[in-house]
Each structure stands twice: as structure tokens, then as C-alpha cells.
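Understanding the architecture of this molecule
Residues per chain are reported as follows:
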Amino acid sequence: MITVVVDETARRVRLRVRGTVQGVGFRPFVHQLAAAMQLDGFVRNDADGVLVEVQGRRLDAFIDALRRQAPPLARVDAVELEELASRPDAGFVILPSDPGATRTRIPPDVVTCDACLADLNDAQSRFYRYPFVSCTHCGPRYTITRRLPYDREHTSMAAFALCPECRADYANPASRRYHAESLACPRCGPRLSHSIDAIVALLRAGAIVALKGLGGFQLLCDARDDAAVRRLRQRKSRASKPFAVMVGSAAAAAALASRELEAIEREWLESRARPIVLLPYAGALAPAVAPGLAHLGVMLPCSALHHLLFADDGTLALVATSANPGGEPLVIDGADARRRLHGIADVVVDHAREIVVRADDSVVRAHAGGAVFLRRARGYVPEAIDLGADGPAVLAVGAHQKVTVTLTRGREAFVSQHLGTLDNAATLDFLEHSVRHLVALAGVRPERVACDLHPDLASTRWAERQGLEVVPVQHHVAHVAAVMAEHGLRAPLLGVALDGYGFGADGSAWGGELLAIGAGCWRRVGHLAGLPLPGGDRAARQPWRIALAVLQQLGLDDSRFADLDAASTLRRMLVRMCVPQSSALGRVFDAAAALLGICTVQDYDGQAAMQLEAAASSVPPCVPLPHGAGFTLAGGVLSLWPLLGALADPRLAPRDGAALLHATLACALDAWIAAAAAAHGLRVVALGGGCVANRRLVDDLLARLRARGLDVRVARRVPCGDGGLSLGQAHWAREAACAWQYPHASSSCCLATAPESASTAS
Ligand SMILES: [Zn+2]
Ligand SMILES: [Zn+2]
């Protein structure tokens, strides 16, 4: 009995807990912990996160547990401690939120937790087969929240008054539904317009169902019913762009794959965010699901509602695609769905829980020991990217395709959900709405706005209307800066952009770039030799145009395109006119796909490259064409013309050509990047751009570069393509002393003293 006092005498401390600590069950967790350890004091939400005052013995154990045992959705970034004088206190209480609670975060939407799934399947539970069951560990968050603090009255659940049973759970710190703002039950919560049985029966009968999901309406149909899938394609005017499918379990997903799933693929499939995961596809579903591709996007149920669809039949496979008619943003409102999806969906399944902000399903792909995002939205937004240091509040608005916006606050960067292509008024409205929503959630006013260097983009013009200082950032610099932001990389380093089109600092089309990055400045030290783009934008949609121009320039037979209507016109034009050039790697893929007869006209962005990768996957890796035969390298300019000449050989089988393309590209890009790294004395490489999503190419390239001892980083937490641009723009606009030097650095720029031999302007 004498030994007890040695521990320590009672202390009182104030703990400031920062991170994602509101709306995640943190306060009841603290309450239970304090009660179990017989401590006195209080916990409350406030403007900076959670504030705890606690008094008693063994406080170090309490603080340790605060970090280690935090609830699943919480992310504790820091616990700051201040010693206070002890004072009389009795018991531990949860105090009401401080109304100034704005400098915090809300978590993304989260898949139904195991405990709620158990309730869903428990005939004795009041949540039995209730599609909107949730608790503090799961359910919608971002998509139902209007503003902070995250309290029920600031969410779309405010429309549903809690029944007595739910109110009792909500008020009980011992319940996992204590202050669960998304709480609802069949008595008091939203109801589905159709029964689950009716929905499943309709799907089974070949119907196309529009279902209000977490972040918007999805179009569903039976993925084994080819007629239904083709009907969906025809009604959606979507000829061949692949659809994603939803299946009931990881085992069902694995059964669709052409090889055993990698651990990381399984992990992503089953993660709380529930993204669509691109898997190698064995082709067992309806042929119209993913025509011509060796990959399939697969997701598991992301909410209780989706779980119920598979409850009675684990073998069901559903096409699940965003309901975004005409390339406009996702439909989120029932009345809007009945109007705009009329003629597409046979049935609209609605409910009264309002979606405050839309969020598409996220798409990821396993890749070189990690994963890359193809689309980042539901389940990840608004998780913050840590920029490593404080800086001004900056808003960035991306470029044109796959646009996201980013807002920074202190050292955090909030990257919005995927917004879409800014080629219609509705998507621009969505951008505006998303900016307002981010500003409301982050509680900061931006001081400047970063945009693309292209003066004519809708995003650039929008930025110029905001009355803030505008910082234009070159497209490929932004790709590189996004990788720097995410990995905390500091200049100097070598930036590499393997991309499609981006507006170059000289006004021409860039997209295969080597950039020496200094502290807030950059210089173009290399690029791909240009390819002709006859017809400009049309050439990107119709790869045969580039291929024909390549054949002409190489003096090779181009009769393979003679049947195409516009071919003779194009031939005449090539003789008479000066054709714009592009240094984009994406155009090399386009040209190769058309030369090999794999894809001459693209129905969707990136189709040629995806089909090339699919073709290559059917044969083993091959020996690359070496320097000279496959490519040439001179003064930082990499020419892939020899490779294209080789691919023009009509005796080459398409899939062998596709394999040769990938192998030779990896070899050529490796030599090009390594030469620049050596010439500039750089060892760190930030690799960005849309082509980084090509696993066949990038796995090979990364292995080669890393074998040389280079430290190569790619984007892991935001898309490698244009969906990551806004993060890069925001980061660059905070860092940039001189935003864009081209072709020569100014005297104030640290790159001005770089060795002249490195200059490769051509
Ligand atoms: Zn739950
Ligand atoms: Zn209730």
C-alpha cells in the first residue's frame, strides 16, 4: 500500500489535440479513457481541434493512449501539452462545442463499419436492413456537410429529427452513436423510394437503375447482361469508354481478375474509402463492359445501401457508373435526376438525404510498389496534404481537363474532388460551388489565385475575375510541383513531365519535358522531339492524322490510311502548310496506336494509350530497340522518330509492336533522364504527368532509374495527371520567387548560374 504514491502526485494539464479529431468519435473516446483511468476534467471541440483538460495520476499513460488508441477515423497530428495548477474537480465531462470551431477538418465519407454491418444483418436490431445505418466510425461526412463545426445542424441530416431511441444513443457517451451526426433509423431517418428487393429484381430483369449513392446518382445495370450494358452505352452516348463494376466481396472481385490480386490491390478494394481499383481483367462479364481493354475498374459496396444490393446474392455484378449526362457534373438531386436521366434510366431510386456537395467515385491503380490515383474524389476529399511549412492561403484552379481545385491553409492543402472538364457552364458552376464549399470548410480566405499559363482556359479567366493576385504556373511545372508538395521535396531537383498537352512557356504544345527546378524558379533543359499535329485538337482525337504525317515525313508508304475520308485532304494539307508540333509523350502513344492499327480514332481521352498497354500485356516483355535504332539523344532532346519508323513496319504484329513500344520507351526515357541528371548534378527526380498512369512503362522506367541510384518520386496521394495540377499550382505559387523563366532565367533566379552546357534550347 505504501508504494502507490511514488507514481506521481495529481497533475492537471491542458492538451491541445490537432488533426482530424471532430466528427470521428474523439470526444466519447476521451471521455471513456478518462473515466477508465479515474481522471477528472473535460473535453470539448473548438476552433483548433479538441481541447482536453485532465487532472489526476498517470497522465503520461493517458496522453500516450490518446495517440495510440484514437478511434479509426481520427488522425492525430499533434498533442501539445501545457501544465496547469491543480484545482478541485470531480468527474470528467464533455462540454458543448465552442461556436468558433472552424479551423478544423472533417473526414471524408467512410464505408459502413463492421459493427454497423452487424446491425444491418441483425433481425433484432432497429437498423436491420436499414440502408442509412451509420455511427461515429462510418457513414457520409464530406458530402453532407455544409460548414463547420461538424454538428448535425450544419449537415443535411438537420432535416431529420431524431426519434427517442436515436436521441438516447446520440446523448450517451458510452454508445458508438454518441454525437454521430449522420445517425438515423427507419423511424426517424431517410427512406428509399423503392425496396431493395424491387431494385434487385429490376436489375435482374435488365433494367437501368439510377441510384442516389453517397456522392451522387449512379447508373446501375447487370454487368453480365450484354444487352443491358449495350443499352446503357447507347442511351448514355458512350461508345466504348470502360465502365466500372461493383461486386459484393473481395473474393468476387478476385474472381474477375486474370491473375492473383496483389496485396495492395486487395487493401485498396477493402479500404475505408472504397475506391474503384483497376484490376487485370479476365473478361468474364458482358463484352460491352470494357471493350478492348485488359483492365477493369472494380469496387466493393461503399455504403449500407450498396451492401444490401448484394445481401441476397453474392454473385451479382453491377455496372456502376456516374450519372453525368453530356459530360456535365454528376446528378445529385432527385428532381434533377428524373428530368436529366429521363431516357437513360428506367427507374430513379431516390431518398430525402440531400447531397450537399457531389463526389464521384475515386479510381486507383496499383503501381510500382504503391498506387496511383486516376481520379480522387469520394473517400479521400477533404483529407489534407501536409505541405511541411506555413505559407500564404492560396487557391489554385487547375487547367482544363480532370480539373480539381486546391486551397491551402497554413501547412495544409485541401485538394477538391474531381470536378470534370471545364467545357460547359455546369462544370464551371461546380468549380465555383466547390471553391465556396472548400472556403467554408477551411475557414480561410485565399490571398492569391494560381492558374495555368494558358491565357484562354475557362479556369484562367475565372481566376482573373476573382480580384486577387493571379499567379500563372506552367502546366508541367505544376505537375512536377505536385510531386514536390506531396513528398516534401526541396530544390534543386530534376522535374520530368510525361504528359499529354500542356501550354508551353513559348506558347507551343509541350508534354515531354525535363525541367531543372531551383528554389522558386525553373528552366526547360530538355524535351521530346516534336511530332506533327495536323488539324490541331482534331489530331489528338484522331491519332491516324499524326500517324499519316509521321509516315509522310519519314517518306514511308501511307496507303494504310487511304480508306479514311479525310486522308487525301490531309495529305494535300501536309504538303502545303506548316503543321503545329507537340513534344507531348501522349502524342507518341497516339501515333504508335494508329501505326499499329490498334486505335485510329479515340472515343475517349487516353484510349489509344490504354489499348496499347492492353495489347502489350498479352505478350511477355521484349528487348528494347537500342540507342540509334529506337531513339536518338542530342543536347537534351530525345527523338523517338526511329521507334515510330520501326513501328510502321507492316509485318509487325500489333501486340508485338505494342510491347516493343513500351520496352523502347522505358529504355529511351531512362537514358534521357539519366543524362540530364548527370549534366546538372541532380539526384532527385520528381516524375509527373498523365502518362505516369501507364504501369507497363513506369514500372520498367522506375526500376531502371532507381538502379542508377536516382531518387525518383511519383504522385501517390493525388492524381499523377491533370487532377493533381491544382496542388502543384498552389504549392508553386507559395514558393515561387519568379514564377516562370523561359527560355532563360532572370539574373535574380538561382538557375541563372547553372552550367551553360546544360542549355538545350533547340
Ligand atoms: Zn458504423
Ligand atoms: Zn431513430
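Residues numbered from 1 in each chain as written. Chains lettered and ligands numbered in written order. Predicted model: local features only at pLDDT ≥ 70, side-chain atom pairs only at ≥ 80, totals over all residues. Heavy atoms only, no water.

**Focus on the sheet that holds strand E2 (residues 40–46)**
- One open sheet accounts for five strands, arranged E4-E1-E3-E2-E5; its pairing is mixed. Because the sheet does not close on itself, it has two edges, and the strands there are strand E4 (75–84) and strand E5 (92–94). Strand-to-strand twist across the sheet, computed as the mean angle between neighbouring axes with direction ignored, equals 15°.
- Across the sheet, helix H1 (residues 26–36) is in contact with strand E1 (11–20), E2, strand E3 (49–56), E4 and E5; its angle to E5 comes to roughly 170°. (Pairing = 2+ DSSP bridges. Helix = DSSP H or I, 4+ residues; strand = E, 2+ residues; numbered from the N terminus. Axes fitted to C-alpha atoms, helices over the stretch in contact; angles between N-to-C directions. Contact = heavy atoms within 4.5 Å.)

**Some remarks on the coordination of the zinc ion (ligand 2)**
- All of the protein donors around the zinc ion (ligand 2) are Cys 163 (SG), Cys 166 (SG), Cys 185 (SG) and Cys 188 (SG); their distances to the metal are 2.2 to 2.3 Å.
- Ordering the donors of the zinc ion (ligand 2) by residue number gives the pattern C-x2-C-x18-C-x2-C.
- Judged by relative accessible area, which is 1%, Cys 185 ranks as buried. (Donors = N, O, S within 2.8 Å, 3.2 Å for Na, K, Ca; no water. Buried < 20%, exposed > 50% of the residue type's maximum accessible area, 1.4 Å probe, protein only.)

**Brief notes about the pairing of strand E29 (residues 711–714)**
- Along E29, the buried face is formed by Val 712 and Val 714; none of Asp 711 and Arg 713, which line the opposite face, is buried.
- When strand E28 (residues 684–688) meets E29, the two strands line up parallel, connected through four bridges. Its bridge partner being in E29, Ala 686 is matched across the sheet by Arg 713.
- After leaving E28, the chain enters helix H21 (residues 695–707) and then returns to the sheet as E29, a path that is right-handed. (Right-handed = clockwise from strand over helix to strand, strands pointing away.)

**Considering unusual backbone geometry**
- Residue Pro 382 is reached from Val 381 by a cis peptide bond, and omega for that bond is 10°.
- Note on placement: Pro 382 falls in the loop between strand E14 (370–375) and strand E15 (384–386).
- Residue Pro 492 is bonded to the preceding Ala 491 through a cis peptide linkage, with omega at 0°.
- By the secondary structure assignment, Pro 492 is in the loop between helix H13 (475–487) and strand E21 (493–503).
- Unlike most non-glycine residues, Gln 38 shows phi in positive territory, near 55°.
- Mapped onto the elements, Gln 38 comes out in the loop between H1 and E2.

**Focus on the UniProt feature "domain: Acylphosphatase-like" (unreviewed entry) in the protein chain**
- When the UniProt feature table is mapped onto this chain, "domain: Acylphosphatase-like" (unreviewed entry) is found at residues 12–96.
- In residues 12–96, the share of helix is 25% and the share of strand is 44%. The end C-alpha atoms are 21 Å apart. (UniProt positions renumbered as here; feature names shortened; annotations may be inferred.)

**Looking at the UniProt feature "domain: YrdC-like" (unreviewed entry) in the protein chain**
- Taken from the UniProt record, the annotation "domain: YrdC-like" (unreviewed entry) applies to residues 193–379.
- Secondary structure across residues 193–379 comprises 25% helix and 24% strand; the distance between its end C-alpha atoms is 25 Å.

**Focus: the packing of helix H20 (residues 654–680) against H21**
- It is the contact of H20 with H21, at a shortest axis distance of 9 Å, that shows an interaxial angle of 35°. The two elements H20 and H21 cross, and the hand of that crossing is right-handed. For the pair H20 and H21, the contacting residues are Ala 659, His 662, Ala 663, Leu 665, Ala 666, Cys 667, Leu 669, Asp 670, Ile 673 and Ala 674 in the first and Arg 696, Leu 697, Asp 700, Leu 701, Arg 704 and Leu 705 in the second.
- Partitioned by chemical class, the residues of the contact of H20 with H21 number 11 nonpolar, one polar and four charged. (Left-handed = near helix turned anticlockwise from the far one by under 90°. Nonpolar A, V, L, I, M, F, W, Y, C, P; charged D, E, K, R; others polar.)

**Some points on the pattern of salt bridges**
- Within the structure shown, the criterion is met by 45 salt bridges.
- One salt bridge in this structure joins Glu 354 and Arg 146, with 2.9 Å as the shortest N-O distance. Taken together, the positions of Glu 354 in the loop between strand E12 (347–349) and strand E13 (363–367) and Arg 146 in the loop between helix H3 (114–120) and helix H4 (164–171) put the pair 208 residues apart, joining distant regions of the chain.
- Judged by its relative accessible area of 38%, Glu 354 falls in the partly exposed class.
- Ionic contacts of the salt-bridge type, sharing partners, join the residues Arg 12, Arg 14, Glu 53, Glu 82, Arg 87 and Asp 89 into one network. (Salt bridge = Lys/Arg side-chain N within 4 Å of Asp/Glu carboxyl O.)

**Considerations on the coordination of the zinc ion (ligand 1)**
- Only Cys 113 (SG), Cys 116 (SG), Cys 135 (SG) and Cys 138 (SG) from the protein coordinate the zinc ion (ligand 1), and they sit 2.3 to 2.4 Å from it.
- Around the zinc ion (ligand 1) sit four donor atoms; with metal-centred angles ranging over 103 to 119°, the donor geometry is tetrahedral. (Tetrahedral: all angles 85-135°; square planar, octahedral: opposite > 155°, others 65-115°.)

**Overview of the packing of helix H15 (residues 543–554) against helix H17 (residues 585–595)**
- Where H15 contacts H17, the axes come no closer than 8 Å and their chain directions differ by 85°. Taken together, the axes of H15 and H17 are roughly perpendicular relative to one another. From H15, Pro 543, Trp 544, Ile 546, Ala 547 and Leu 551 reach across to H17, where they touch Arg 587, Asp 590, Ala 591, Ala 594 and Leu 595.
- Here the contact of H15 with H17 is composed, by residue class, of eight nonpolar, no polar and two charged. (Parallel < 35°, antiparallel > 145°, perpendicular 65-115°, else oblique.)

**Some details on the packing of aromatic side chains**
- The full count for this structure, using the stated rule, is six aromatic pairs.
- Between Tyr 130 and Phe 132 the ring centres are 5.6 Å apart and the planes differ by 65°, which places this aromatic pair in the edge-to-face class. Neither Tyr 130 nor Phe 132 differs from the other in exposure class; each is buried.
- For the pair Trp 268 and Tyr 380, a centre-to-centre distance of 6.2 Å together with 35° between the ring planes defines the contact as tilted. Taken together, the positions of Trp 268 in helix H8 (residues 263–269) and Tyr 380 in the loop between E14 and E15 put the pair 112 residues apart, joining distant regions of the chain. (Phe/Tyr/Trp six-rings, centres within 6.5 Å; stacked < 30°, edge-to-face > 60°.)

**Section: the domain arrangement of the protein chain**
- Its domain assignment divides the protein chain into domain 1 (11–94), domain 2 (106–190) and domain 3 (196–365).
- The centre of domain 1, based on its C-alpha atoms, is set 42 Å off from the matching centre of domain 3. (Domains from an automatic or database assignment.)

**A closer look at the pairing of strand E17 (residues 406–409)**
- Side chains Thr 406 and Thr 408 of E17 all project onto a buried face; the interleaved residues Leu 407 and Arg 409 project onto the opposite face, where all are buried too.
- Hairpin geometry of E17 and strand E18 (residues 412–415) is characterised by an intervening segment of two residues between the two adjacent antiparallel strands and by a positive phi of about 60° at Gly 410.

**Quick look at H15**
- Here H15 contains 12 residues, and its C-alpha end-to-end distance of 17 Å stays within 8% of the 16 Å for a straight helix at 1.5 Å per residue.
- Just beyond H15, the residue with positive phi is Gly 555, at close to 70°. (Expected span 1.5 Å × (residues − 1).)

**Brief notes about the confidence of the model for the protein chain**
- Averaged over all residues, the pLDDT of the protein chain is 91; the fraction at 70 or higher stands at 95%.
- Taken as a whole, residues 1–7 scores under 50 in pLDDT and shows two contacts with residues more than four places along the chain or in a different chain.
- In the model, residues 752–762 has pLDDT below 50 throughout and makes 19 contacts with residues more than four positions away in sequence or in other chains. (pLDDT = per-residue confidence, 0-100.)

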